[in-house]
Amino acid sequence: MIKVKDLQKKYAGFEAVCGISFEVEKGEIVGFLGPNGAGKSTTMRILTGYLPSTAGEIEIGGMNLLSDLLAVRKMIGYMPENVPLYTDMSVHGFLEYRAALKGVSGKELKDRVQIVMKKCGIDTVSKKVISNLSRGYRQRVGLADALVHDPELLILDEPTAGLDPNQIRSVRELIKELGEEHTILLSTHILTEVESVCNRAIIINRGKIEASDTLENLSSKVQGGSLFLNLKGNQEDLRNGLTALSAISKVNFLETEDGWNRFECVSKPGEDACAQADDLIKEKKWPLREFRRDKATLEDVFVELTKE
């Protein structure tokens, strides 16, 4: 659905996007992540045709963005971070107006407006003036606007920005449902959002792509997670034995109580220390009352790949 090759965007004395390449397959929900100023929004605006690139090639649905701009735009539903709404219009009136601007007409226009209002949960406020809606409902109106011409690709920039936890959960569930019918590229700072709705993540930092993979594979590339052990015995002997394991990069002593010593063993990237630790404990016959593994989270991956 999306093919980006050597995309570059330069401003006066500054390169915001540094020759990045990536692909998004049809039917995927892909998270596009990065710290502030990484080039996320710039890339998304280029993909939607709102901002010209300095260099590179972009294909959307097999069509060249530069030479087939109008046709490509019909395939895209774009929801920017700050949704531009005409707040003096009713929800229904605004969506009819936007549908007409996007080339929808006649009975199809009326049908599409009804469909997206119901799909986005705003049919009950269709006659309300947008200025009287809560932020959560305004976000839903913005999402309905992106959907009204039935695009194949949705590009969503911070769709849950400024929402409360209940509103975030509601919009998140809606995005999951939309992913059954549309390809979605989703930019967000909320990493749990990506973990709950996305098939894959692309992490960009300083205008360059640091990683692009499934969430599980990204976690294993950074580190194998941590293994928490609570063992009885001499603290130094326990630490030395665990440190000697080839799958462990670091052993952190956490606490001691009545001869029980608690450790965090950090696995090396791509390694799982569980099997080696289990064999060692059985060999040494160390008394054990905790053996718990925590996998690396997307937050761990993000911090590791984007830290200074």
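Residues numbered from 1 in each chain as written. Predicted model: local features only at pLDDT ≥ 70, side-chain atom pairs only at ≥ 80, totals over all residues. Heavy atoms only, no water.

Student: Any chance you could explain the overall build of the protein chain here in plain terms?
Tutor: What the protein chain contains, in helices and strands, is eleven helices and 14 strands. Its C-alpha radius of gyration of 25 Å places the protein chain more than 25% over the 19 Å reference for a compact globule of 308 residues. Its C-alpha atoms give the protein chain principal-axis dimensions of roughly 80 × 45 × 30 Å. Taken across its 308 residues, the protein chain has 47% of its residues classed as buried. For the protein chain, the share of sequence-separated contacts (at least 6 apart) that also reach a separation of at least 24 residues comes to 67%. Carbon and sulfur atoms provide 47% of the accessible area of the protein chain, an area that totals close to 15,400 Å². (Helix = DSSP H or I, 4+ residues; strand = E, 2+ residues; numbered from the N terminus. Rg over C-alpha atoms; globule rule 2.2 N^0.38 Å. Buried < 20%, exposed > 50% of the residue type's maximum accessible area, 1.4 Å probe, protein only. Contact = heavy atoms within 4.5 Å. Areas by Shrake-Rupley, 256 points an atom, 1.4 Å probe, with all protein chains shown as cover.)

Student: What am I meant to see in unusual backbone geometry here?
Tutor: Not every positive phi belongs to a glycine, and R206 is a case in point at roughly 55°. Inspection of the secondary structure puts R206 in the loop between β9 (200-205) and β10 (208-214). Owing to a relative accessible area of 54%, R206 belongs among the exposed residues under this scheme. Even without being a glycine, K285 presents a positive backbone phi close to 55°. Residue position: K285 is located in the loop between α10 (274-284) and β14 (288-294).

Student: Help me understand helix α5 (residues 135-147), please; the structure alone is not making it clear to me.
Tutor: In an α-helix, one full turn covers 3.6 residues, which means residues spaced three or four apart are oriented alike. With 13 residues, α5 ought to run about 18 Å at 1.5 Å a step, and its terminal C-alpha atoms sit 19 Å apart, in line with that. Across the 13 residues of α5, ten count as buried, placing the element largely inside the fold. Of all the positions in α5, only G136, Q139, R140, V141, G142, L143, A144, D145, A146 and L147 are classed as buried. The secondary structure elements touched by the buried residues of α5 are β6 (76-79), α3 (91-101), α4 (106-119), β7 (153-157) and α6 (165-178). (Expected span 1.5 Å × (residues − 1).)

Student: Is there a simple way to explain the side chain of T160 in this structure?
Tutor: Along the chain, T160 falls in the loop between β7 and α6. A relative accessible area of 2% places T160 in the buried class. Once you skip the residues sitting within four places of it in the chain, T160 turns out to touch Q139, I168, V171, I190 and E193.

Student: What is the right way to look at the environment of L153 in this model?
Tutor: When you line up the elements, L153 lands in strand β7. The exposure class of L153 is buried, given its relative accessible area of 0%. Here L153 is in contact with M1, I2, I60, M75, I76, G77 and T183, once residues within four sequence places are set aside.

Student: Looking at this structure, how should I read the pairing of strand β2 (residues 14-24)?
Tutor: A regular strand carries its side chains on alternate faces of the sheet. Relative to β2, strand β1 (residues 2-11) runs antiparallel, the two sharing eight bridges. When the bridges of β2 are listed, Q8 appears paired with C18. What sits between β1 and β2 in their antiparallel hairpin is a turn of two residues, with G13 showing a positive phi close to 75°. (Pairing = 2+ DSSP bridges.)

Student: Teacher, can you tell me more about the sheet that holds strand β12 (residues 248-257) here?
Tutor: Sheet strands line up and pair through hydrogen bonds in the backbone, either parallel or antiparallel. Ordered by their spatial adjacency, four strands build an open sheet running β12-β13-β11-β14, and the pairing between neighbours is antiparallel. Edge positions in the sheet fall to β12 and β14, since each has one partner strand and no second. Strand-to-strand twist in this sheet, taken as the mean axis angle between neighbours without regard to direction, amounts to 15°. In this sheet, strand β13 (residues 260-267) lies alongside strand β11 (residues 226-232) in antiparallel orientation, the contact comprising seven bridges. Bridging from a neighbouring strand, L227 pairs with C265 of β13. (Axes fitted to C-alpha atoms, helices over the stretch in contact; angles between N-to-C directions.)

Student: Sorry if this is basic, but what is going on with the layout of surface pockets here?
Tutor: Rolled over the atoms, a probe as big as a water molecule pinpoints where empty space is left. In this model, the largest pocket occupies a volume close to 610 Å³. Looking at the largest pocket, it is lined by 22 residues, and the ones nearest its centre are Y50, R73, I76, R98 and K102. Secondary structure elements with two or more residues in the lining of the largest pocket: α2 (69-75), β6, α3 and α5. In terms of residue count, the dominant contributor to the lining of the largest pocket is β6 (four residues). In the lining of the largest pocket, the residues fall into twelve nonpolar, five polar and five charged. Space inside the second largest pocket adds up to approximately 270 Å³. (1 Å grid on protein atoms, 1.4 Å probe; cavity = no way out; pocket = protein on both sides within 12 Å on 5 of 7 lines; lining within 4 Å. Points joined across faces, edges and corners; volume = space filled by probe spheres on them. Nonpolar A, V, L, I, M, F, W, Y, C, P; charged D, E, K, R; others polar.)

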